[in-house]
Amino acid sequence: MFRIRILATLTVAVGVGACAPSMQDIGPSYVSPVIFQNWTCEQLAEEGHRLIAALEVASRRQDQAQSTDAVGVLLVGLPLGSMTGQNIAPEIGRLKGEHETVYRVGVSKGCQVQR
């Protein structure tokens, strides 16, 4: 009986540890500013808006992955969302990195780019 409890506790702990991270916990990936150096302020602003929209969509998808993981861990002890590819943390990191780079390049050129 004691071994079963330990095994169940370890299974849940491993499952929770593998859950999809929240949007706020995902940091930006490095994106070289060289890509955007020759862009105009208008192009940078448009790209900034596109990236913000993409991050909003990705945030909803990541929230769904978190919910699926929570239910999976609760019911079967496994993060089902992450196991089925719903966790898109790398994509969110890339989008955040691109947006941060577009913003910084825009600021360095004196452009109005949405943060």
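Reading guide: rules and limits
- Residues numbered from 1 in each chain as written.
- Predicted model: local features only at pLDDT ≥ 70, side-chain atom pairs only at ≥ 80, totals over all residues.
- Heavy atoms only, no water.
- Helix = DSSP H or I, 4+ residues; strand = E, 2+ residues; numbered from the N terminus.
- Buried < 20%, exposed > 50% of the residue type's maximum accessible area, 1.4 Å probe, protein only.
- Contact = heavy atoms within 4.5 Å.
- Areas by Shrake-Rupley, 256 points an atom, 1.4 Å probe, with all protein chains shown as cover.
- Core = buried A, V, L, I, M, F, W, Y, C linked by side-chain atoms within 4.5 Å.
- pLDDT = per-residue confidence, 0-100.
- Salt bridge = Lys/Arg side-chain N within 4 Å of Asp/Glu carboxyl O.
- Patch = residues over 30% accessible without salt bridge, like charges linked within 9 Å, V, L, I, M, F, W, Y side chains within 5 Å.

Participant: Mind showing me how you'd approach the overall build of the chain here?
Facilitator: When helices and strands are counted, the chain shows four helices and zero strands. Listing every helix and strand of the chain by position from the N terminus yields α-α-α-α. With 115 residues in all, the chain has 34% of them scored as buried. Taking as baseline every contact in the chain between residues at least 6 positions apart, the subset at least 24 positions apart corresponds to 78%. Element-wise, carbon and sulfur atoms account for 60% of the exposed surface of the chain, whose accessible area totals about 7,300 Å².

Participant: Can you walk me through the environment of Cys19 in this structure?
Facilitator: In this fold, Cys19 is placed in the loop between α1 (2-17) and α2 (41-76). Taking the relative accessible area as the measure of exposure, Cys19 reaches 25% and is therefore partly exposed.

Participant: Please explain the nonpolar core as it appears in this structure.
Facilitator: Burial of nonpolar side chains together is a common tendency in soluble globular proteins. Counting residues in hydrophobic clusters, the biggest one holds 16 residues, and the most contacted among them are Phe36, Leu44, Ile92 and Val102. It is helix α4 (residues 89-108) that provides the largest number of residues to this core, a total of five residues.

Participant: Where do I start with the confidence of the model for the chain in this structure?
Facilitator: Detailed reading of the predicted coordinates is not advisable wherever pLDDT falls low. On average, the chain scores 82 in pLDDT, and the residues at 70 or more come to 77%. Ranking the helices and strands of the chain by mean pLDDT puts α4 first, with 96, and α1 last, with 48. A low-confidence stretch, residues 6-17 (pLDDT under 50), is modelled with six contacts involving residues beyond four sequence positions or located in other chains.

Participant: Help me out: how do you make sense of the pattern of salt bridges in this one?
Facilitator: A side chain with one charge may pair with a side chain of the opposite charge, provided their charged atoms come close. One pass over the structure, following the stated rule, counts six salt bridges. Here Glu47 ties to Arg50 by a salt bridge, and the two come within 2.7 Å at their closest N and O atoms. Here the residue Glu47 and the residue Arg50 both occupy positions in helix α2, the gap between them amounting to three residues, near one helical turn. You can call Arg50 partly exposed: its relative accessible area is 41%. With a shortest N-O distance of 3.7 Å, Glu91 and Arg61 are connected by a salt bridge. Of the two residues, Glu91 is situated in helix α4 and Arg61 in helix α2; the sequence distance between them amounts to 30 residues. The class for Arg61 is partly exposed, based on a relative accessible area of 42%. The network of salt bridges with shared partners includes Glu47, Arg50, Arg94 and Glu98.

Participant: Where do I start with a nonpolar patch on the surface in this structure?
Facilitator: Judged by side-chain polarity, Val71, Leu75, Val76 and Leu78 come together as a nonpolar surface patch covering roughly 380 Å² of accessible area. Its location among the elements puts Val71 in helix α2. Residue classification places Val71 among the partly exposed positions, given a relative accessible area of 46%.

Participant: What exactly am I supposed to notice about the environment of Thr101 here?
Facilitator: Examined against the element boundaries, Thr101 turns out to sit in helix α4. Linking Thr101 and Val34, residues 67 residues apart in sequence, is a C-alpha distance of 9.4 Å. Here Thr101 is in contact with Val31, Ser32, Pro33 and Phe36, once residues within four sequence places are set aside.

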